[in-house]
Number of protein chains: 2
Amino acid sequence: MENRGASLDTAFHALADPTRRAVIHRLMTGPKAVKELAEPFDMGLPAFLKHLRVLEDSGLIATGKSGRVRTCSIRPQRLLEVETWLSEQRALWRAGADRLAAYVENQMTEDDDA
Amino acid sequence: MENRGASLDTAFHALADPTRRAVIHRLMTGPKAVKELAEPFDMGLPAFLKHLRVLEDSGLIATGKSGRVRTCSIRPQRLLEVETWLSEQRALWRAGADRLAAYVENQMTEDDDA
DNA sequence: ACTATAGTTTGCCAATCGGTGAACCAAGTG
DNA sequence: CACTTGGTTCACCGATTGGCAAACTATAGT
């Protein structure tokens with residue numbers, strides 16, 4: 001059951017890096033080989049492979065080797081879990097906000113500045 | 001413009017920790033003082049304050065002091081930005097899946113024709 | 001004024017992170 | 001076969017993280 005917390009840990013951690021988010025983004029349009037994926041980034045292959053490993057360990061992507069080329073593809077489920085957690089939290093907030101709005105209507109002026 | 005990337009960095013990073021996610025969760029039902037927030041966690045106050053600072057720097061929460069008590073509240077906007085990024089990615093994926101489905105369907109009808 | 005409370009700062013620590021270069025496979029290719 | 005290509009592993013590095021204990025500040029209660 002608390003598996004879920006751990007997978008959120010790794011998923012959020014994986015997404016907390018611009019390189020890895022860019023990889024996710026580029027994989028959304030279809031699977032790609034490691035070299036093709038790595039090409040736009042200014043770093044060596046070992047560093048890039050580490051990023052891929054973080055992504056794979058988090059369950060956000062899947063990779064498989066055929067011949068000497070490793071192909072990476074997205075795994076939408078894990079991304080959905082993250083989205084689900086977020087929307088659950090926001091639903092909770094909405095409930096509270098609704099309760100509050102029924103009581104004090106003009107408290108939200110603070111929210112405007114940010 | 002690319003401020004957005006940086007704020008996603010810090011937001012995802014902030015969420016990549018169970019303690020911090022729990023703080024977010026508990027704040028969803030309304031603002032709380034630091035001590036009240038810290039109470040369920042098995043760590044010293046300094047460590048907990050570091051977590052709060054990470055959350056505040058990420059823009060996920062806001063804190064303010066009145067008297068000697070610092071009160072923390074949620075900031076839904078940043079959370080929404082994260083959700084937005086995720087749903088954008090998924091939309092991209094959907095588009096690809098739809099393209100594939102259309103392609104497959106097209107192939108099938110062509111097979112039908114032939 | 002004294003004391004308990006709520007928070008803050010400082011210095012320290014081990015573990016993890018993001019990167020490097022160099023050496024090393026293993027699979028295609030001429 | 002020799003050689004290139006795509007990926008992998010290894011040892012190392014500086015910076016950041018997440019925790020601690022201890023000393024400190026400032027408000028609130030009596």
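Caption draft 1: Just the sheet that holds strand E1 (residues 32-33) of chain A, in detail. Residue and element names in this part refer to chain A. Ordered by their spatial adjacency, 3 strands build an open sheet running E1-E3-E2, and the pairing between neighbours is antiparallel. Of all the strands in the sheet, just E1 and strand E2 (61-66) have a single pairing partner and so form its edges. This element, helix H2 (residues 18-27), spans E1, E2 and strand E3 (69-74) of the sheet and lies at about 85 degrees to E3.

Caption draft 2: Up close: the protein's contact with DNA strand D. Near DNA strand D, the surroundings consist of 20 residues, among which Lys35, Arg68 and Arg70 of chain A together with Lys50 and His51 of chain B are the closest. Restricting attention to atoms of DNA strand D within 4 Å of the protein, one finds that 65% of them are sugar or phosphate atoms. Backbone polar atom of Lys35 of chain A to a phosphate oxygen of DNA strand D: 2.8 Å apart, as the coordinates give it. Contact between DNA strand D and Arg20 of chain B: a phosphate oxygen at 3.1 Å from a side-chain N or O atom of the residue. Within the residue set of the surface near DNA strand D, elements represented by two or more residues are helix H3 (34-38), helix H4 (45-57) and E3 of chain A together with helix H4 (45-57) of chain B. Taken together, the residues of the surface near DNA strand D break down into 8 nonpolar, 4 polar and 8 charged.

Caption draft 3: Region of interest: the protein's contact with DNA strand C. The immediate surroundings of DNA strand C are formed by 20 residues, with Lys50, His51 and Gly67 of chain A together with Arg68 and Arg70 of chain B found nearest. Expressed as a percentage, the sugar and phosphate content of the atoms of DNA strand C within 4 Å of the protein is 63%. One of the side-chain N or O atoms of Arg68 of chain B is found 2.3 Å from a base oxygen in DNA strand C. Arg70 of chain B is positioned with one of its side-chain polar atoms (N or O) 2.7 Å from a phosphate oxygen of DNA strand C. For the surface near DNA strand C, the secondary structure elements donating two or more residues are H4 of chain A together with helix H3 (34-38), H4 and strand E3 (69-74) of chain B. If one sorts the elements of the surface near DNA strand C by residue count, H4 of chain A sits on top with 4 residues. Classifying every residue of the surface near DNA strand C by side-chain character gives 8 nonpolar, 4 polar and 8 charged.

Quick notes on the rules
Residues numbered from 1 in each chain as written. Chains lettered and ligands numbered in written order. Predicted model: local features only at pLDDT ≥ 70, side-chain atom pairs only at ≥ 80, totals over all residues. Heavy atoms only, no water. Pairing = 2+ DSSP bridges. Helix = DSSP H or I, 4+ residues; strand = E, 2+ residues; numbered from the N terminus. Contact = heavy atoms within 4.5 Å. Axes fitted to C-alpha atoms, helices over the stretch in contact; angles between N-to-C directions. Near = heavy atom within 4 Å. Polar contact = N/O pair within 3.5 Å; in protein donor to acceptor, adjacent residues only side chain to side chain. Nonpolar A, V, L, I, M, F, W, Y, C, P; charged D, E, K, R; others polar.

On their own, these measurements won't tell you what the molecule is for.
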